[in-house]
Every structure is written in structure tokens, then in C-alpha cells.
Amino acid sequence: MTFDKIPGETNGSGQPMVSVRDLRKTFHTLAGNVEVLKGIDIDIARGEKVVIVGPSGSGKSTFLRCLNMLETPTSGRITFNGTEITAPGVNLDEIRAQMGMVFQHFNLFPHLTVRKNITLSPVLLKMQTQEEADQHAEYLLGRIGLKDKADSYPNQLSGGQKQRVAIVRSLAMKPKMMLFDEPTSALDPEMVGEVLEVMKELANEGMTMAVVTHEMNFARDVASRVLFVDEGVILEQNTPKEFFSNPKHPRTKDFLSKIL
Amino acid sequence: MNSLSQRLYDDFIDKGRYMYLVKGLGNTVLITVFALLIGVLIGVLIALVRVAYLQTEKKGILLRILNLICGLYLTIIRGTPMVVQLMIMYFVIMASGAPLMIAILSFGLNSGAYVAEVIRSGIQSVDRGQREAGRSLGLSGRRTMIYIILPQAFKNVAPAIFNEFIVLLKETSVAGYVGIQDLTKGGDIIRSITYDAFPPLLAVALIYLVIVVFLTQILHVIERRLAKSDLR
Ligand SMILES: Nc1ncnc2c1ncn2[C@@H]1O[C@H](COP(=O)(O)OP(=O)(O)OP(=O)(O)O)[C@@H](O)[C@H]1O
Ligand SMILES: [Mg+2]
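The rules we used
- Residues numbered from 1 in each chain as written.
- Chains lettered and ligands numbered in written order.
- Predicted model: local features only at pLDDT ≥ 70, side-chain atom pairs only at ≥ 80, totals over all residues.
- Heavy atoms only, no water.
- Pairing = 2+ DSSP bridges.
- Helix = DSSP H or I, 4+ residues; strand = E, 2+ residues; numbered from the N terminus.
- Contact = heavy atoms within 4.5 Å.
- Axes fitted to C-alpha atoms, helices over the stretch in contact; angles between N-to-C directions.
- Near = heavy atom within 4 Å.
- Polar contact = N/O pair within 3.5 Å; in protein donor to acceptor, adjacent residues only side chain to side chain.
- Areas by Shrake-Rupley, 256 points an atom, 1.4 Å probe, with all protein chains shown as cover.
- Nonpolar A, V, L, I, M, F, W, Y, C, P; charged D, E, K, R; others polar.
- Buried < 20%, exposed > 50% of the residue type's maximum accessible area, 1.4 Å probe, protein only.
- Buried area = accessible area lost by both parts, 1.4 Å probe.
- Salt bridge = Lys/Arg side-chain N within 4 Å of Asp/Glu carboxyl O.
- Phe/Tyr/Trp six-rings, centres within 6.5 Å; stacked < 30°, edge-to-face > 60°.
- Lys NZ or Arg CZ within 6 Å of the ring centre and 35° of its normal.
- Core = buried A, V, L, I, M, F, W, Y, C linked by side-chain atoms within 4.5 Å.
- Expected span 1.5 Å × (residues − 1).
- Arc of directions from axis to C-beta.

**Description of the sheet that holds strand 4 (residues 75–80) of chain A**
Two orientations exist for strands paired in a sheet by backbone hydrogen bonds: parallel and antiparallel.
Residues and elements named next belong to chain A.
Part 1 of the argument: Pairing in this open sheet of 4 strands is antiparallel, and the strands run 2-1-4-5 from one edge to the other. With one partner strand each, in any of the chains shown, strand 2 (32–44) and strand 5 (83–84) form the two edges of the open sheet.
Part 2 of the argument: In this sheet, strand 2 lies alongside strand 1 (residues 18–29) in antiparallel orientation, the contact comprising 10 bridges. Bridge assignment links Thr26 to a residue of strand 2, and that residue is Glu35.
Part 3 of the argument: The strands touched by helix 2 (residues 60–67) within the sheet are strand 1, strand 2 and strand 4, with strand 1 carrying the most contacts at an inclination of about 120°.

Rendered as C-alpha cells:
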């Protein structure tokens, strides 16, 4: 099964897909300032699948949301596909159009049909005509076995179906990279598998992916690298094999002993 | 003492006096409908400014000024009686101009202040994940608002806006203060001609009541429909 040609693969220079330098994020709240990201450095190569794990509140979501600038970093530099997106004056809409994001709570548009959910953005951004987009949507829905749901509304779908639709909604933009923030955490256990399956297929096709998840089996099977984020820094990173069998930092060991 | 049928004849039939009520009702509906349209338009604009102000971290000078103007507007409109606003509009601000237009504008400006808060709450009731999903698909903030947030916000507050229509319908009864012959004024004119107060005013009250009860039924239908489409 193939979704689409993945654009990021085709202009595969040696340059990384994403490059992050000294990324910091402080939230200003009524209770005071909270420094959530305390200097993150990482390169993500084209086609790489990075799985991010770590305790609750450690800044995983914030990090992911900084990558597509849903959250504005307090300082630091992020380069995506050769463009420094933290520089002033960058058209962030154009950047985000190339970076899919899948959310824990799906965030499908409840007032639009599945088909319209998928085609809205490609059509509005004039990437495709409505007809082309409809055809593409049909194709993508066929790939996840939900062709017959094109005219359904999101609230008529199961959680697993919603998340699969959310994934192809992002894919309809033909992104160069996909971000996943706990895509299976809101699902009933019996639906986790079907979503992970779609993600695995995507990974096999060479999509560059950054995935925050608690599914350690997914990390083991799919990740090219596992990052352990704790208190706003990447405390440890390694291949999944090394990471799980031979964690170095005491806090990583502690975390793994709790979660495995 | 006149018999009841004689009174009714004098009040409503003689010289076609019922037409005061018919024409009056026409004006009442006209003012209400157009005032609500203006109110919704103003309401959306104000709500957008206020939501933008609340959501933006680095507030530009333009946004600050707009927000200040909107805040002032809301305070003045909600802090003064409708009748007074209407009279100021009629006798001071727009000393010339068609009374009906002035009334529509006045009621529209007034309604806008209330609708603004309704729509603002509607926008804020839309899950913030919706905005994030729209933006992450590469849509601009404006398009996300138009295609994703506002349709859901309107759906959420449709009953409240329809209710504003009902409220407005009754509020326009003060239009007579600036010489407009609305339904209430129509009844009052009949009273001043026949010196008989009860039947015309009762008729006026009944007409309002029937319309409001009817509209309220429609409101319930709307509410039920919306609740059904929310079922998971
Ligand atoms: N918009 C915000 N305003 C203020 N504080 C925030 C905001 N977003 C996140 N935080 C705080 O930043 C910290 C990190 O949050 P984040 O969501 O990145 O953690 P996480 O690692 O994804 O946790 P979880 O596993 O629970 O999802 C938390 O303490 C959170 O309360
Ligand atoms: Mg999180």
C-alpha cells in the first residue's frame, strides 16, 4: 500500500529536514513564568522517524508544536527543509502546509463531512481543484478502508476512524513531514492498532515523522531514534534497541521501569 | 353605555381603523428584521476584535485602539436605556433622515452590543484544537476563522441570536417615541381617536403575544435540531 510519493524524499540532499538549535520556550502565566523548553538541539534527517517519550509535563507537546510554530519559541532557531522558520517575516502558513500534524483529540471539523475535512485546505490553498481534491480524498480514504464514510460527519465515526481520517486529512496536503502528538492516547484500546498500522505504513513509505507517544512497541518497531525528554531538555537519545535495552541516565531508567 | 360590539366596531372596523394595527405590525417587523441584520453584522465585527485582542500575545497599537472603541461602545450601549439612545439618534445625531431608517439604525446599534457578546461566547466555545487543526493545515488565521470557527460558533449561538430577535421585536415598541407608527403606536392612535383604551391595547398585546409564542416554538425546533446533530 502506498499513500503518495513523499516530496521530502525526492530532493534528498544531505541537509536535514529539521534542524533545531537551542530552542527555548517560556510560558508567561498569571502564576509566573514557566520555562518549559530549556535548550533543545536536534537534527532530524529526511525519512527519519523520531519517537519522543518522556514524563507528563516534560514539554513534549510544546516541542512538537514549536516545530510547526503553533507555539512561538521564546528563543532559538528552527530550520525546516532549508528555511529558517523562526526568522521574522517567514510565511508560516506556507511552512505549515508542508508539515502535517495529528492531534490527540483528532480535531476533525465537526461541521464538515469527511470528504470536506480532507479537501478544504488543498482547495482553499489552490493546490487542487475541488474535483481533483475529491478524487485524491477518495483515493486516500480507500487506502484506510473508509471510502464509504466520505459523506459521513466526524461524529458518526469511531475514535479510530476519526484518527485515521485526521491522518489522511494531513496527507492530502502532501506534507514533507508529519508530526504526531499522542495520536492513540484518546482511543479505546481496541482501536489503537488500526491507527498505528496506518502510521507504520506511512513510515515504511519514507515519511519523515516526529511522534510523541506512549506506545513503546511502536517506538521499538518503527523509530529510527528515540528521544527521552525530561524537564525541557533531551536527556538521552538512541536507537530504539539501545534505548530500551541499555538506558544510560538514571531518570531514563526510572521512566522506563514505570512505563514498561 | 356602548355595547361591546359597538366598541369593537368603532375601534377596529369603522373607517378601516384596523389598518393602524396592520401597518404598525408591518413597521415593527421591518424594524426588527433589519435591526437584527445590522446587529449581527456589528456583533460579528466586535466579537472578532475582542477575540483577536484576547488571543494575541503581542497586541499592536491598531488592535488596542479597536478594542478600546469596542469596549466603549459596549459600555455606552448597555449602560443607557434604549429609548434614550433612540431619541438621541433621532433628535440630535440624525436630525434629518427617514424616521424608519433612523429607528432601524438605532435598534441595530443597540442589538449589536448584545449580539457581540453572544457571538464572542460562541467563538470562544469552539474548541481551540479546531483553530490549531486549521492553522496546521496551512490555513491563515482569517480563513480558519471564516471556514472553521465561525460556522461552529454560529451553530452554537443560533438559538441565542434567534432569541435576540424575539427580544428585539418587543423592544421596538418604543419606536413611537420618535413618531414611528409601529404596532404599539398603532393601537395608541386608535385609542386617541375613539377614546376607548382597552380593546386596541388588548389587541396590540395579543398580537405581540401570538407572534412571540409562535417564534418561541420555532426556537425550540431549532434547539432540538441542533441538539440532534450534536449526537455522537
Ligand atoms: N499555553 C500554555 N500556557 C502555560 N503553560 C503551558 C501552556 N502549554 C503548556 N504549558 C505547560 O508546559 C508544561 C509542558 O507542557 P507539555 O504539554 O509540553 O507537556 P507534555 O510533555 O506534552 O505532557 P503530556 O505527556 O501530559 O502531554 C506543562 O507544565 C504545562 O502546564
Ligand atoms: Mg502532551
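**Brief notes about the site of ligand 1**
All names here are of chain A.
Part 1 of the argument: Ligand 1 sits among Phe27, Thr29, Val36, Pro55, Ser56, Gly57, Ser58, Gly59, Lys60, Ser61, Thr62 and Glu182.
Part 2 of the argument: Here an oxygen atom of ligand 1 sits 3.2 Å away from a polar atom, N or O, in the main chain of Ser58.
Part 3 of the argument: A distance of 3.3 Å is found between an oxygen atom of ligand 1 and a side-chain nitrogen or oxygen belonging to Glu182.
Part 4 of the argument: Burial of ligand 1 by the surrounding chains reaches 63%, relative to a free accessible area of 640 Å².
Part 5 of the argument: Considering each element in turn, the shell around ligand 1 owes the most residues, 3 residues, to helix 2.
Part 6 of the argument: Of the residues in the shell around ligand 1, the class split is 3 nonpolar, 7 polar and 2 charged.

**Observations concerning unusual backbone geometry**
Residue and element names in this part refer to chain A.
Part 1 of the argument: In the Ramachandran plot, Lys174 falls in the positive-phi region, its phi being about 50° despite a non-glycine side chain.
Part 2 of the argument: In this structure, Lys174 sits in the loop between helix 6 (159–171) and strand 7 (177–181).
Part 3 of the argument: Positive phi, normally seen in glycine, also occurs at Glu182, with a value near 45°.
Part 4 of the argument: When you line up the elements, Glu182 lands in the loop between strand 7 and helix 7 (189–204).
Part 5 of the argument: Taking the relative accessible area as the measure of exposure, Glu182 reaches 12% and is therefore buried.

**Structural notes on the interface of chain A and chain B**
Part 1 of the argument: At the junction of the two partners, chain A supplies 23 residues and chain B supplies 22 residues.
Part 2 of the argument: Overall, the association of chain A and chain B removes approximately 2000 Å² of surface from exposure, summing both partners, and the carbon and sulfur fraction of that is 56%.
Part 3 of the argument: When the buried area of chain A at its contact with chain B is split by residue, His111, Leu124 and Asn155 of chain A rank highest and sum to 28% of it.
Part 4 of the argument: Summed over the shared surface of chain A and chain B, the result is 2 salt bridges.
Part 5 of the argument: There are 8 residue pairs in polar contact (both at pLDDT 80 or more) connecting chain A and chain B.

**Section: the pattern of salt bridges**
All names here are of chain A.
Part 1 of the argument: Going through the model one piece at a time under the given rule, you end up with 21 salt bridges over all chains.
Part 2 of the argument: Here Glu231 and Arg251 are joined by a salt bridge, their closest N and O atoms 3.6 Å apart. Taken together, the positions of Glu231 in the loop between strand 9 (225–230) and strand 10 (233–238) and Arg251 in helix 10 (residues 250–259) put the pair 20 residues apart, joining distant regions of the chain.
Part 3 of the argument: Residue Arg251 is classed as partly exposed on the basis of its relative accessible area, which comes to 38%.

**Some details on the packing of aromatic side chains**
The way to describe two aromatic rings as a pair is by their centre distance and the angle between their planes.
Part 1 of the argument: Following the criterion strictly, the structure yields 4 aromatic pairs over all chains and no others.
Part 2 of the argument: Ring geometry for Tyr90 of chain B against Phe91 of chain B: centres 4.7 Å apart, planes inclined by 90°, an arrangement best described as edge-to-face.
Part 3 of the argument: We classify Phe91 of chain B as partly exposed; its relative accessible area is 49%.
Part 4 of the argument: The ring of Phe244 of chain A has Arg220 of chain A lying over it, and the distance from NZ or CZ to the ring centre is 4.7 Å.
Part 5 of the argument: The ring of Tyr53 of chain B carries the charged tip of Lys59 of chain B above its face, separated from the ring centre by 5.0 Å.

**Examining the nonpolar core**
Part 1 of the argument: Counting 83 residues, the largest nonpolar core has Val18, Val20, Ile52, Phe63 and Met177 of chain A together with Phe107 and Ile123 of chain B as the members making the most contacts within it.
Part 2 of the argument: Sort the elements by how many residues they give to this core and helix 7 (residues 141–171) of chain B lands first, with 12 residues.
Part 3 of the argument: Not counting residues within four places of it along the chain, the set of residues in contact with Val20 of chain A comprises Ile40, Asp41, Ile42, Asp43, Phe63, Leu67, Arg77 and Ile78 of chain A.

**Some remarks on helix 8 (residues 183–194) of chain B**
All names here are of chain B.
Part 1 of the argument: With 12 residues, helix 8 ought to run about 16 Å at 1.5 Å a step, and its terminal C-alpha atoms sit 17 Å apart, in line with that.
Part 2 of the argument: All of the buried residues in helix 8 are Leu183, Gly186, Gly187, Ile189, Ile190 and Thr194. The buried residues of helix 8 all sit within an arc of 155° when viewed along its axis, so they share a single face.

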